Structures are given as C-alpha cells and as structure tokens.
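Working through the structure, step by step
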There are 2 protein chains.
Amino acid sequence: MIGMVSETAQALREADNFLILTHRRPDGDTTGCAGALCRGLRQLGKTAYILENEGLTGRYKPLAQPCYAPEGFVPDCVVTTDIADYGLLTENALPYRDRIGVVIDHHRSNALRAPVRLVCAEAGACAEVVLKVLDELKVELTQEIAECLYIGLSTDTGCFRFSNTTPDTLRAAARCLELGIDGGEINRHLFEVKSWPRFQMERILFDTMEFFMDGKIALALIRHMDIERTGATMDDLDSIASLTRQVEGVQVGITIIENKDFSCKISVRTTKEVDASAVCAKCGGGGHLRAGGVSLSCGLVESRARILQAVKDVYAESELA
Amino acid sequence: MIGMVSETAQALREADNFLILTHRRPDGDTTGCAGALCRGLRQLGKTAYILENEGLTGRYKPLAQPCYAPEGFVPDCVVTTDIADYGLLTENALPYRDRIGVVIDHHRSNALRAPVRLVCAEAGACAEVVLKVLDELKVELTQEIAECLYIGLSTDTGCFRFSNTTPDTLRAAARCLELGIDGGEINRHLFEVKSWPRFQMERILFDTMEFFMDGKIALALIRHMDIERTGATMDDLDSIASLTRQVEGVQVGITIIENKDFSCKISVRTTKEVDASAVCAKCGGGGHLRAGGVSLSCGLVESRARILQAVKDVYAESELA
C-alpha cells in the first residue's frame, strides 16, 4: 500500500469544499466510491460534490447524479476515486488536472500526482479503500453509503467471483449487508437482468460461434448491421467477449465486432494455457495475459482468417518451445 | 436457530466412528459440508467416512469421494448435512434412517428426527453452520476443509449473489480465502464454464424464446430430440429455467422441456410482480412465490397454450383485484 489511511483522513479533515472526480466510462466502483465519499464528507459537515460525468449509465445514476456539483462551484480540495491515469479524466475534469489534492485508488499502475496519494493495490475494489478512509474519519455507515460501497465492491469483483476478491472485500461487503441493503435485488439488476439489445447480441454471438482445433478455439462474429438493428450501445456490448471463453474446453475465445466502416475490433480472451497478448501482438495489437485486443482495418472475412492464423501460430510456437 | 452449537459439538466429541450422509442429487453444499466435517473429525482423531452418493457429479467428486466409507463400516454416530427431509435420503442411506444421531441443516422445514438437531434457518448455506461446529470443536481450518466449505457457501448463494447471502456467509467465505484457496479458479469452474451440451441447450433456449404481453412473458421450448442429440443430462439442464427471466422487462419466464414420451415439464420463474405458484396451480402444479413447476401429459403445442393462458389469467385476476 502506498500512502497512509490516517494521512488521507487528515487531509480530508483539513479542507471544507470538495469536488470528487470519477473516471471516463464510469463503472460501479468509481461511481460508488465517489457517492460514498461525498455522502460521508457531508455527514462531517463539509460541502462536497461529484463532478458530472456524462458517461454515467442508468444503473449507476442514483449513486452520483444527486450529488453533482452546481455550476461555478469552487472546491478547495479535489479528490479522485479509482482513476489510474490522466488519460482517464473526463473532458470537464481537465481544468482540475494539476489541482488534485487527494488520490484514492487500487490500481498498482496509478500515475496521478498529488500531495496525498492512497493507492492500495491489494484491494479488489477501490470501495475497500474508501471504506478504510470513512472508518478513519469515524463516518457512520448509513444505508445510502453502504449501497454505494457495496455496488463498488460487487461490480469490480464480478460479484465476489473473480480472483481479485480478497477476505477484506468480503468483510467490507458483510458490513454493508448488515446495514440492511438488499444485496440480492441490487445484484439481480447488476448481474442478471439483460437489456433487450444485450439479449439479442448474446443470441447472435451464440449463433455465430464456430469452434476450431478440437474446440480449443471459439470464434464469434457481430456484424455492424446487427448492432444497428438491435440498437445496442457500447454498454450493451460490455464484456460480451468473455462469453466465448465460457464453453468447456475453450482456451481461446475470439469476438470480432464489425465497425460502421467495416473495419474490425477483435477481442481475445484466454484461459491460463495461452497468452492473449501474444496472440494479439501477431496482428499488431496487445493486452494482458488473459485479455487482449486488436483493431484491423480489413473486413470480417480477412480479420477472421488473420486472428485464427495468429492463434494457431502461438500454439505452434509453444509446442516447439 | 433450533439446537445449540455447543450441544452438537459435545455429541460429536462423544462418539468415535462417524458416517455422514448427503442428500439425493447432491449439490455443493451437502457435499462440501460432508467433506469439511469428515476431515475435521479425522483431525480430532476420530474415524469418519461419507456414505457413497451415486448422484455425485464431476465437479464435487474431490470433496467426498476420497472419504467414502468402506463396505461393512459400522458407525456409532450417523450425521446428516443439508438434508431437509427423509425423502431426500439416498437409497443406500435408508438402513440408517432411524439411527440418525446428529442433524446439521439450514432448511427451516427440516423434518428429520434425531437426538441432536442443529437447524439454522438464517444461514445462507449449511456450510456456515458446519463452520460454527468446527470452530466449537477447535478444528484447525486446513486448506482442504476451507475449499469444501467455500464451495458450499458459494454454490448455495449463487456465488454470494442471491438474497440469502448474509454477513455471516461473507465472513465465513473470507476466512476460507485467507487460507489461500483459489476462489477465482474454483468459481470459474462452478459458475462460468459450460459443458458442451449445456452450451447447446442455452443456444436452443435463446433461439426458441418468444415474448408475449409487451415482453412481460418469455417462453422457451426444449424438445426431447434436442436433449438426445446434444447428450444433455439433468445436470446440464440444471437451473436453465432461470435464464428466461434474465431479459429486461420479463416478469414471467417459462421453460417447457419435452419428455421422451412427449409429455412436458414446465418451469415458471417470476419477478416480484407475479406469483409463480399461482400460475402453476392453474394447470395443476405448484411451487413457491418466484419459482413453480407443473408436469402436463399433453404435447408441446398444447402445453404452451395452456401455460400461456394460465399466466394471462393470473394477470387478469390481479388487475381485477
């Protein structure tokens, strides 16, 4: 952990007018953290607001929208939650880029500069870090604050399913449930309910899925006309690439999404046997061990052929190695 | 809570040769509980076995199979874990039906008779109750025991997603993770990986899904020939009915599965707006508020018509009420 909880709490105690920033394409964690921190600071008698984020989608609106800063608000302390890099600041946050006073995050790679930085890379969600700060400030956890934190915790860990979930994540969530929030209903909306366009996208993904190399490779195609026809947004396509990897025996799941101009965006998801970034690198892309991506200017047919060849090459090399 | 943890621990301390029973169609909770308890008792120097359960499927085998009782083993104490009723005893457990010494469960409706009964209806999983007993017995949580308990906790709560998840469930899971088990990998296999037949069944379910009443009703059909063709087992069809309810706006999700003799098994899943048992009762079935079922001797076409009419009738009545 970089920075100390006590030092962070002290910095927050010393200021009076807070503006909290969330990251581009805001998720449950950045929004939940901002919502919880804003409400916690207000409980201490401070003036606190969240900077409007135009990317905020339906399900997260109640956490942040009621706390949006009025026009002309002048903060004496700017706080970021879950923002790892300057490139993730929203357009309207750029005027504050050199005036960030407190950074609260859980990304090891955090690159923001500020007098006070609390970066806890061990935490599954930034909400765990915010909870530590609120505890240090002796903020009483209200149901509203608990709901904000719980949404941060559950969305960043796939509802406590992924390997980034720690004992602390679960204990933080336990405290939130104790305040009487309806975890089951919250999770149903976050993880179970599918929008109509999302449902149709998944249907198409399943229908187009092809298998290669004895089922080790799964490949699905989404044409631009399908996206237009169903009215699917980026939000509806979020994390759809991971579905290809769910079939038993699949080690490499490939999703090709056709853009409006017929170029293609390819997402590769792998199990531990294959390095996704190595596959994507062969086509000029990159990424992490289990998730990579590449954009190709060619159409669906050629994109499909090139990425399949890349996967086969990576397999061939690993057998030679 | 019925019964006391201390009394249960005392009963276990006093015996030496244990046989642990699991329920029919064993799930992660009954199997995980038996596996954890058996290993815990052995740690105390006891002789403990699990009675073979022929319904045990692949993913749960490592928890129980290594502990199966040898032929001719004579226990002085029979323990049940997560078994709510006599009807849930396996065939080979029937000789022990009147000799159950300790019942450990979390079903409010538990109907087993025994000198010692510990039934904690507040627990999300029976594994929470077993953990309390192991703590009372001062059993050291090994990684093996933690894995058994964790699988019980996560499978019975939809990986901590459902409303039966309590603060205690999450704290118990936190302790298991602390012992170094790989929660992410366990959950990937339990909740993400789909068998080939399951994948094909979901594809068929999605493809056949029809919508009625402005999308309030979703209905999917699975023909027997599809089950035969894909080689799907009961395990592959497990909880597939809940998928129909995942689409935004759907209040009643209906899944009709055709049997070999062309009769039909109908599953109804609802959101809070509609009583699933009321829908099924109209066709001669029953169930709970949000999950019901009915078997009809007629074929797919007539079954579809009858259950649709039943749903529409329930809506009409509730509007009149």
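All figures in this text were calculated on a predicted structure; none of them were measured in a lab. (Residues numbered from 1 in each chain as written. Chains lettered and ligands numbered in written order. Predicted model: local features only at pLDDT ≥ 70, side-chain atom pairs only at ≥ 80, totals over all residues. Heavy atoms only, no water.)

Quick look at the overall build of chain A
Each helix and strand in chain A was counted, giving 12 helices and 11 strands. Against the 2.2 N^0.38 benchmark of 20 Å for 321 residues, chain A shows a C-alpha radius of gyration of 21 Å, consistent with a compact globule. If you line up chain A on its principal axes, its C-alpha atoms span 60 × 45 × 40 Å. Of the contacts made within chain A by residues no fewer than 6 positions apart, 64% connect residues no fewer than 24 positions apart. Accessible surface computed for chain A: about 13600 Å², of which carbon and sulfur atoms make up 50%. For chain A, the separation between the mean place of its 35 positive charges and that of its 45 negative charges on side chains is 2 Å. (Helix = DSSP H or I, 4+ residues; strand = E, 2+ residues; numbered from the N terminus. Rg over C-alpha atoms; globule rule 2.2 N^0.38 Å. Contact = heavy atoms within 4.5 Å. Areas by Shrake-Rupley, 256 points an atom, 1.4 Å probe, with all protein chains shown as cover. Lys, Arg positive; Asp, Glu negative; His and termini not counted. Charge placed at Lys NZ, Arg CZ, Asp CG, Glu CD.)

Concerning the interface of chain A and chain B
If you look at the interface, chain A gives 42 residues, while chain B gives 42 residues. For the pair chain A and chain B, the summed buried surface comes to about 3900 Å²; carbon and sulfur atoms form 57% of the total. The largest contributions to the chain A side of the interface with chain B come from A:Arg161, A:Glu192 and A:Phe206, which together make up 17% of the buried area. Here chain A is connected to chain B by eight salt bridges. A salt bridge links B:Lys272 to A:Glu185; the nearest nitrogen and oxygen atoms lie 3.5 Å apart. (Buried area = accessible area lost by both parts, 1.4 Å probe. Salt bridge = Lys/Arg side-chain N within 4 Å of Asp/Glu carboxyl O.)

Comments concerning the relation of the copies chain A and chain B
With an RMSD of 0.0 Å, the operation that places chain A on chain B is a rotation of 180° combined with a shift of 0.0 Å along the axis. In symmetry terms, the pair is related by a two-fold rotation axis. The overlap is high: 100% of the interface residues of chain A also sit at the interface in chain B, so the same surface is used on both sides. (Least-squares fit on C-alpha atoms with pLDDT ≥ 70 in both.)

Section: the confidence of the model for chain A
When the pLDDT values of chain A are averaged, the result is 94; 99% of them are 70 or greater. Prediction confidence for the complex, expressed as pTM and ipTM, is 0.86 and 0.85 respectively. (pLDDT = per-residue confidence, 0-100.)

Some words on the pattern of salt bridges
Residues and elements named next belong to chain A. Taken as a whole and assessed by the stated rule, the structure comprises 32 salt bridges over all chains. We note a salt bridge from Asp226 to Arg223, for which the minimum N-O separation is 3.2 Å. Residue Arg223 is classed as partly exposed on the basis of its relative accessible area of 37%. (Buried < 20%, exposed > 50% of the residue type's maximum accessible area, 1.4 Å probe, protein only.)

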